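# Residue-level structure breakdown
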Amino acid sequence: MNRVLVLNGPNLRRLGVREPEVYGSATFEDLTALCRDAARRLDLQVDVRQTDDEAEMIRWVHEAADERLPVVLNPAAFTHYSYALRDALAQLKAPLVEVHISNPAAREEFRHTSVVAGVATGTVAGFGMMSYVLALQAVAELLAGGGTD
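Here we come to helix α3 (residues 54-67). Here α3 contains 14 residues, and its C-alpha end-to-end distance of 20 Å stays within 8% of the 20 Å for a straight helix at 1.5 Å per residue. Among the residues of α3, those classed as buried are M57, I58, W60, V61, A64 and A65. Seen from one end, α3 has its buried residues packed into an arc of 160 degrees, which puts them on one side. Set apart from the buried face of α3 by more than 90 degrees, the exposed residues are R59 and D66. Buried-residue contacts for α3 involve β1 (2-8), β2 (44-50), β3 (71-74) and α4 (83-89). At the N-terminal boundary of α3, the capping side chain belongs to D53, with an oxygen 2.8 Å from the backbone nitrogen of A55. With its phi angle positive at about 55 degrees, R68 sits one or two positions after the end of α3.

Right, dumping it as structure tokens:
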């Protein structure tokens with residue numbers, strides 16, 4: 001069974017409380033359960049984590065790089081400015097799927113730029129919590145040799 005890190009950046013533990021009109025009413029615990037359920041169906045093992053600390057996120061990415069683990073990443077606010085995170089992600093040797101609950105391109109101008117997108121295998125955005133399920137499906141397909149064509 002393939003292990004996948006599902007990493008979440010700043011404020012995502014506040015799901016259900018933070019801007020429910022943008023992020024919905026589901027909690028971080030709901031998101032974790034959704035990812036575990038989807039992973040089970042896809043024969044994946046997920047380790048769902050959240051941090052508000054950029055250094056901790058980078059340590060987790062280094063762990064993934066060292067262990068050649070696929071990553072589903074919602075970088076949250078780190079998306080728009082963290083070149084340190086981008087540089088760590090560039091070291092990954094397994095699929096990286098950037099994920100967003102909302103569609104950053106349909107929001108404020110500062111959210112339109114992702115500094116991590118250029119090193120991601122792909123991005124899934126704008127489908128609410130289902131974005132994570134779609135990202136895990138993409139990882140499963142890539143690991144099975146489905147490629148990106």
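Having seen it, we continue.
The subject of this paragraph is the packing of aromatic side chains. Under the criterion given, the structure shown has 1 aromatic pair. Both rings, one in F78 and one in Y81, keep their centres 6.1 Å apart while their planes meet at 75 degrees; by these two values the pair is edge-to-face. For F78, a relative accessible area of 3% translates into the label buried. Using a relative accessible area of 44% as the deciding quantity, one classes Y81 as partly exposed.

Thresholds, definitions, all that
Residues numbered from 1 in each chain as written. Predicted model: local features only at pLDDT ≥ 70, side-chain atom pairs only at ≥ 80, totals over all residues. Heavy atoms only, no water. Helix = DSSP H or I, 4+ residues; strand = E, 2+ residues; numbered from the N terminus. Expected span 1.5 Å × (residues − 1). Buried < 20%, exposed > 50% of the residue type's maximum accessible area, 1.4 Å probe, protein only. Arc of directions from axis to C-beta. Contact = heavy atoms within 4.5 Å. Polar contact = N/O pair within 3.5 Å; in protein donor to acceptor, adjacent residues only side chain to side chain. Phe/Tyr/Trp six-rings, centres within 6.5 Å; stacked < 30°, edge-to-face > 60°.

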